[in-house]
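# Report on the structure
Take a look at the letters that make up each chain.
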Amino acid sequence: SYKLQMIHLTDRTVLERFRDKLLAREDLKDRIQAFFSNDQYLEILPARANKGTAIQFVTDYLNVSPEHTFGAGDAENDIPMLDAAHVGVAMQNASDAVKMHADIITEKNNDEDGLLEVIEKYFQ
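The following paragraphs examine the structure supplied in this document. Values in this document were obtained by computation on a predicted structure and should not be read as measured data. For every chain, the first residue of its written sequence is number 1, and the numbers climb from 1 along that sequence. The predicted origin of the model limits local features to residues at a pLDDT of at least 70 and limits the giving and counting of side-chain atom pairs to 80 or more, whereas totals for whole chains, interfaces and linings rest on all residues. Excluding hydrogens and water, the side-chain figures rest on all heavy atoms present in the structure.

### Regarding the sheet that holds strand β4 (residues 70-73)
Pairing is parallel across the open sheet formed by three strands, whose spatial order is β4-β5-β6. Here the strands that pair on one side only, and so sit at the sheet edges, are β4 and β6 (104-105). Pairing between two strands is assigned when DSSP locates at least 2 bridges connecting them. Only DSSP runs of H or I reaching four residues or more are called helices, and only runs of E reaching two or more are called strands; each is numbered from the N terminus. Relative to strand β5 (residues 87-90), β4 runs parallel, the two being bridged by four bridges. Bridging from a neighbouring strand, Gly71 pairs with Gly88 of β5. Between two residues, a contact is recorded if the distance between any of their heavy atoms is within 4.5 Å. The axes used here are C-alpha line fits, helices contributing only the stretch in contact, and every angle between their N-to-C directions lies in the interval 0 to 180 degrees. Packing of helix α5 (residues 114-122) onto the sheet brings it into contact with β4, β5 and β6, and relative to β4 it is tilted by some 160 degrees.

Below is the structure:
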């Protein structure tokens, strides 16, 4: 798949307006998706290209049950992964929208080794 990443270092609203106009186009509606991977980066990808489909591909390829998957993230681009994983983990610094898709929310953020909490609890 291909990815277009648009960056605006000072005004997220410029990217939001562009995203909204792009997604409103009937000829692109079912073909693309657009989301923020952080406040300055707007990512535009084919509709089915996301971290959730990647988890599904890997579990199918390795013949592993999806029940053995964890997904962890802190940004909008992580939401499909949190939904696809058996256990979705949102970092403490994730937005509320991301946290709504998580089964676990860490006590620490990703700069403070928040994921280590989950690894120590579930993988010892």
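This is not the end of the story, as more comes after the structure.
### A few points about the environment of Lys21
Within the secondary structure, Lys21 is located in helix α1 (residues 12-24). Classification of Lys21 as exposed rests on a relative accessible area of 65%. Once the C-alpha coordinates of Lys21 and Ser65 are considered, the two residues, 44 residues apart in sequence, prove to be 39 Å apart. Burial classification: accessible surface area is computed with a 1.4 Å probe over protein chains only, and a residue below 20% of its type maximum counts as buried, one above 50% as exposed, and the rest as partly exposed.

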